[in-house]
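# A structural walkthrough
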There are 2 protein chains.
Amino acid sequence: MQLFFQPDLSENHCWLTEEESRHCVKVLRKREGEAIVVTDGCGFFYDCIITKANTQKCEFKIQEKRAEPKKLFRIHLAIAPTKNPDRLEWLVEKATELGVDEITLIDGDHSERSFIKTERLLKVAISAMKQSQKATLPIINPLKKFSSILDYQADQKFIAYVDHSNPKHLLHEAIKEKSYLICIGPEGDFSQAELASAIGAGFVKVSLGDSRLRTETAGMAACCLLNAIQVSV
Amino acid sequence: MQLFFQPDLSENHCWLTEEESRHCVKVLRKREGEAIVVTDGCGFFYDCIITKANTQKCEFKIQEKRAEPKKLFRIHLAIAPTKNPDRLEWLVEKATELGVDEITLIDGDHSERSFIKTERLLKVAISAMKQSQKATLPIINPLKKFSSILDYQADQKFIAYVDHSNPKHLLHEAIKEKSYLICIGPEGDFSQAELASAIGAGFVKVSLGDSRLRTETAGMAACCLLNAIQVSV
């Protein structure tokens, strides 16, 4: 099933964007009367029939609106951007596939980048959402000072920190069906001051295992583990 | 700590390859008398002192040989190569970071590629091993027929299969401190015949969760979960 994205979809706004129209009509050669599935990125799938197969503005009518199955947990990943932009894009793709709900980029003491274009990351997330047949587009926030991330709300707040004396693994600290906020540091990790302020704000310091992981790998591992614990034995 | 790789290291063979010599002496400007750490990729680190800082053949003497901490589990990932070679390289990098021991590429019924250059994948694995400060280079096997993969030995053999009626999640099926073989299929998944033959050969069909994952994401998720279960509560 090929999924199309139209964030402004409503009863009165039943057409694809120019880019999606071109893909639908020109690349996939969809014609009037054919069925397509469109998502609004806000949790809904729409079964539609093409009414005008125009390569610039493909129009359709909605047959049925279906809600995505409700998830009982929420993952907010706050992560320091990698120096290499490709690695950050990979992370956004993989985290989206693994069902992340929100990504916030951290501007911290050891940050390697002080400006990030989130437009490109949003494109990657849209593509990954469509590819993995989801109807929820993750929120991607621009760079935020580490101190302001400490104010975010969640049932469980974690800070991943490379510390071989720390026996608390995320897998054992996270409780299923909660909202989670997990912070992943840059290559040089969080500063001691950042770690102390997070712990002061109620964050729990967790490990992601003995392997030394790159930032983006740690981000993906966190999403993977928080997903896995939702499954009952 | 910058780690160098010399697969043929021994008492009588104490120099870096041309590529590593250039990196050590030309790029990092290491000089005679400076300390470096070299790995043989077979589980050992060597603390060394440079005796000849030559950009083509950097010589050193071994001060101490240290074994990497022993792992009590072994991960063999058998995976269908992705159509896009970048995605396969990315998987090799991430699996190496996450401590995979062996990767075998599957030539199966729905395979998208029938030839793979493993040289490039080996380079990626070497780089990831050095980056993540490991001393064990994963074995990377060329494409093998799916039927021959069924003969590999392991304490626990799994086949990941997208089947929403399958309640067995890898996280709950895998037992810690075992050797694992896990098979991940191509985009079109394994054929019914392949699945049946694997089950006949003692493989357990497992799920990696409800998300529809790309092949390389599934491979990474499997390594991540098999690592995580080793940690005691």
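A short tour of the structure in this document, coming up. Given the structure is predicted, the values throughout are model-derived calculations rather than measurements.

What follows concerns the overall build of chain A. Each helix and strand in chain A was counted, giving seven helices and 10 strands. Each of the three principal axes of chain A carries a C-alpha extent, and together these read 65 × 40 × 30 Å. Across the 233 residues in chain A, those meeting the buried criterion constitute 53%. When contacts within chain A are restricted to residue pairs at least 6 apart in sequence, those whose partners lie at least 24 apart make up 72%.

Residues and elements named next belong to chain B. Along helix 6 (residues 192-200), the positions that sit buried rather than exposed are Glu194, Leu195 and Ala198. Angularly, the buried residues of helix 6 cover 100° about the axis, an arc narrow enough to put them on a single face. Along helix 6, the residues that are exposed and aim more than 90 degrees away from the buried face are Gln192, Ala193 and Gly200.

With that settled, the discussion passes to the interface of chain B and chain A. In this assembly, 30 residues from chain B lie in contact with 29 residues from chain A. The contact between chain B and chain A buries some 2,700 Å² in all, and 59% of this surface belongs to carbon and sulfur atoms. In this assembly, chain B and chain A are joined by six salt bridges. One salt bridge in this structure joins Glu216 of chain A and Lys94 of chain B, with 2.7 Å as the shortest N-O distance. At the surface where chain B touches chain A, the tally comes to 18 residue pairs in polar contact (both at pLDDT 80 or more). The set of elements that each furnish at least two residues to the side of chain B that touches chain A consists of helix 2 (85-97), helix 5 (170-173) and helix 7 (215-228) of chain B. Broken down by class, the residue content of the side of chain B that touches chain A amounts to 12 nonpolar, nine polar and nine charged.

Before going further, it helps to spend a moment on the pattern of salt bridges. Under the counting rule described, the total for this entry stands at 28 salt bridges over all chains. For the salt bridge of Lys123 of chain B with Glu19 of chain B, the shortest nitrogen-to-oxygen distance reads 4.0 Å. Placement of Lys123 of chain B in helix 3 (residues 118-131) and of Glu19 of chain B in helix 1 (residues 18-27) is noted, with a sequence separation of 104 residues between them. For Lys123 of chain B, a relative accessible area of 49% corresponds to the partly exposed category. Arg120 of chain B is paired through a salt bridge with Glu89 of chain B; the nearest N and O atoms lie 3.3 Å apart. Here Arg120 of chain B, found in helix 3, pairs with Glu89 of chain B, found in helix 2; they are 31 residues apart in sequence, far enough to count as distant. Using a relative accessible area of 44% as the deciding quantity, one classes Arg120 of chain B as partly exposed. For Glu89 of chain B, a relative accessible area of 19% translates into the label buried. Within this structure, Arg87, Arg214 and Glu216 of chain A together with Glu93, Lys94 and Glu97 of chain B form a network of salt bridges that share partners.

With respect to the element layout, Glu93 of chain B can be found in helix 2. By relative accessible area, which is 14% here, Glu93 of chain B ends up buried. Within polar-contact distance, the side chain of Glu93 of chain B engages the side chain of Arg87 of chain A at 2.6 Å. Look past the residues within four positions of Glu93 of chain B in its chain and what remains in contact with it is Arg87, Arg214 and Glu216 of chain A together with Val124 and Ala128 of chain B.

Take the packing of aromatic side chains next. Scanning the model with the defined rule gives three aromatic pairs over all chains in all. Their ring planes at 40° and their centres at 5.1 Å tell us that Phe146 of chain B and Phe190 of chain B sit as a pair that is tilted. One end of the pair, Phe146 of chain B, is in helix 4 (residues 146-149); the other, Phe190 of chain B, is in the loop between strand 9 (179-184) and helix 6, and 44 residues separate them in sequence. Just as Phe146 of chain B is buried, Phe190 of chain B falls in that class too. One Lys or Arg, Lys71 of chain A, reaches over the ring of Phe73 of chain A and ends 4.7 Å from the middle of that ring.

Calculation criteria
Residues numbered from 1 in each chain as written. Chains lettered and ligands numbered in written order. Predicted model: local features only at pLDDT ≥ 70, side-chain atom pairs only at ≥ 80, totals over all residues. Heavy atoms only, no water. Helix = DSSP H or I, 4+ residues; strand = E, 2+ residues; numbered from the N terminus. Buried < 20%, exposed > 50% of the residue type's maximum accessible area, 1.4 Å probe, protein only. Contact = heavy atoms within 4.5 Å. Arc of directions from axis to C-beta. Buried area = accessible area lost by both parts, 1.4 Å probe. Salt bridge = Lys/Arg side-chain N within 4 Å of Asp/Glu carboxyl O. Polar contact = N/O pair within 3.5 Å; in protein donor to acceptor, adjacent residues only side chain to side chain. Nonpolar A, V, L, I, M, F, W, Y, C, P; charged D, E, K, R; others polar. Phe/Tyr/Trp six-rings, centres within 6.5 Å; stacked < 30°, edge-to-face > 60°. Lys NZ or Arg CZ within 6 Å of the ring centre and 35° of its normal.

Just distances and angles here, no functional claims.
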